[in-house]
Amino acid sequence: MIKNKKIYYKDIGLTDYNKAFEFQTQLFESLKQIKIDNKYSQNPKITDNYFIFTEHPHVYTLGKSGKEEHLLINKKQRKEKSVAFIKTNRGGDITYHGQGQIVGYPIIDLDNFDLEILSYMRALEEVIIKVLNDYGIKGQRSKGETGVWIDVGTTKARKICAMGVKTSRWITMHGFALNVDTDLSYFDHIIPCGIRNKGVTSMEKELSQIPDKDIVKNKICQYFSEIFGAEFVYNE
């Protein structure tokens, strides 16, 4: 079967989490249906790939394997802080999304890129590590802890990019959240990713200045293209 390496780029800007979830799900289900149909077809169709950039208003999201006790504030306190709480179907535990964070949702067919789930996650991490390296930030992997970290193995270990995905029939959804100039105080009210005694950071905090988000997004696409052997398609 033909491997489709093209990825359609979509930046939907600041979007309510549930609306972005619905948009993701529509694309995800349409690609999954193609895979189902192809199983019984003598003329299989190629599957498209998409990459969504967004930011969300304040929201805590809990993955399907997460523990609700990792949310440390009650409904009244959340209302005072104008932060929502949503249970979702990605992997992982609890995290925070808010403005100042670049959220990326690759909705791709892993068969197009000859990847399995674990190699896909490591490739996603590598994209962010390379982006951070361009800014002089040494991003690292932490064994058994998905995402991108800084100062792994020390008492100063801190996460700069969280990741959590869902896959079905090798189609992916959800993705990563890179803290650029995020209000990190919102992480004080959760146990991020269910990991105790480790901090959270942002590019702004590490650099003492705010990088241009559009440039960061361009770098993400550049390294995603290189690592995945993909071609981004814009304005379609």
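It should be noted that the structure appears before, not after, this text.
Read on for an overview of the structure. (Residues numbered from 1 in each chain as written. Predicted model: local features only at pLDDT ≥ 70, side-chain atom pairs only at ≥ 80, totals over all residues. Heavy atoms only, no water.)

## Re the pattern of salt bridges
Working step 1: Applying the stated criterion across every chain yields a total of 14 salt bridges.
Working step 2: The salt bridge partner of Asp-151 is Arg-158, with a shortest N-O separation of 2.7 Å.
Working step 3: Look at Asp-151 and you get partly exposed, because its relative accessible area is 30%.
Working step 4: For Glu-206, the salt bridge goes to Arg-158, with nearest N and O atoms at 2.8 Å. (Salt bridge = Lys/Arg side-chain N within 4 Å of Asp/Glu carboxyl O. Buried < 20%, exposed > 50% of the residue type's maximum accessible area, 1.4 Å probe, protein only.)

## Examining helix α5 (residues 213-228)
Working step 1: The end-to-end C-alpha separation of α5 is 22 Å, in line with the 22 Å expected for 16 residues at 1.5 Å each.
Working step 2: Capping the start of α5 is the job of one residue whose side-chain oxygen sits 2.8 Å from the backbone nitrogen of Asp-214: Asp-212.
Working step 3: Gly-229, located one to two residues past α5, shows a positive phi value of around 65°. (Helix = DSSP H or I, 4+ residues; strand = E, 2+ residues; numbered from the N terminus. Expected span 1.5 Å × (residues − 1). Polar contact = N/O pair within 3.5 Å; in protein donor to acceptor, adjacent residues only side chain to side chain.)

## Details of the packing of aromatic side chains
Working step 1: Throughout the structure, instances matching the rule amount to 16 aromatic pairs.
Working step 2: Ring geometry for Tyr-9 against Phe-232: centres 6.5 Å apart, planes inclined by 70°, an arrangement best described as edge-to-face. One end of the pair, Tyr-9, is in strand β1 (residues 6-14); the other, Phe-232, is in strand β12 (residues 231-233), and 223 residues separate them in sequence.
Working step 3: Classification of Phe-232 as buried rests on a relative accessible area of 10%.
Working step 4: By the ring-pair criterion, three or more aromatic residues cluster together here, those being Tyr-9, Phe-51, Phe-53, Phe-113, Tyr-120, Phe-176, Phe-224, Phe-228, Phe-232 and Tyr-234.
Working step 5: Sitting above the plane of the Trp-149 ring, Lys-198 keeps its charged end 5.1 Å from the centroid. (Phe/Tyr/Trp six-rings, centres within 6.5 Å; stacked < 30°, edge-to-face > 60°. Lys NZ or Arg CZ within 6 Å of the ring centre and 35° of its normal.)

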